[in-house]
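Below, each chain spelled out in residue letters.
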Amino acid sequence: MGLNREKCGYIGKKRTIEQQTLKKERCPPMYFVDDQHEVNYTITKLQWQDAKTDPEYAAACYILAVPIIFEKIVDELETHGSPVDWILDWEEEAAAYDLCGAAVELGKLALHLWNGCTQFHLLQCLQSLQGHHYDVVKTAMDVRMGKGI
């Protein structure tokens, strides 16, 4: 399917102190699809503690927590080393997740926000989404920019 961990810069990823301590700005409350999305987000942040201070982790956890994704991978959550492993595994055909098109596109967005992987097309992502998932995309981008973590 084209993506691999090395091509997307996953291997050996390091962060500087400057990258980890972005200036936090006041922003509106985070959007959640439903109450379960918020619960899932809390669970993912507990698994990946870096999500409390690192916007890359926080945005990936936020997207992973979307119910159409989380419900498909929750049983394997503890086997993942990062909040983007689920989509990397799916892209490498190493996982048998039954993901809908919107979940795959949100996963590609998570990878793009994680490390700027170039195999992502925003318009294609948006066209695959239902209306309430547009707000997920906007919130994920805000979180990645350091707002709301």
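In this report, we go over the structure that sits alongside the text.

Here is what the cut-offs are and how they apply
Residues numbered from 1 in each chain as written. Predicted model: local features only at pLDDT ≥ 70, side-chain atom pairs only at ≥ 80, totals over all residues. Heavy atoms only, no water. Salt bridge = Lys/Arg side-chain N within 4 Å of Asp/Glu carboxyl O. Helix = DSSP H or I, 4+ residues; strand = E, 2+ residues; numbered from the N terminus. Buried < 20%, exposed > 50% of the residue type's maximum accessible area, 1.4 Å probe, protein only. Core = buried A, V, L, I, M, F, W, Y, C linked by side-chain atoms within 4.5 Å. Contact = heavy atoms within 4.5 Å.

**Topic: the pattern of salt bridges**
Link 1 in the chain: If you walk through the whole model with that rule in mind, you get three salt bridges.
Link 2 in the chain: Across the salt bridge formed by arginine 144 and glutamate 56, the nearest N and O atoms sit 3.1 Å from each other. Of this pair, arginine 144 sits in helix H8 (residues 131-144) while glutamate 56 sits in helix H3 (residues 55-64), and the two are 88 residues apart along the sequence.
Link 3 in the chain: Owing to a relative accessible area of 21%, arginine 144 belongs among the partly exposed residues under this scheme.
Link 4 in the chain: The residue glutamate 105 makes a salt bridge to lysine 108 at a minimum N-O spacing of 3.8 Å. Linking glutamate 105 with lysine 108, this pair stays in helix H6 (residues 101-115), spanning three residues, or about one helical turn.

**Some details on the nonpolar core**
Link 1 in the chain: Within the largest apolar cluster, 42 residues are counted, with the highest numbers of intra-cluster contacts made by Tyr41, Ile63, Ile69, Val84, Trp86, Leu106 and Leu109.
Link 2 in the chain: Elements with a minimum of two residues in this core: H3, helix H4 (67-73), helix H5 (85-91), H6 and H8.
Link 3 in the chain: Broken down by element, this core gets its largest block of residues, nine residues, from H6.
Link 4 in the chain: Leaving out residues up to four positions away in the same chain, isoleucine 69 has contacts with Ile63, Leu64, Trp86, Ala103 and Leu106.

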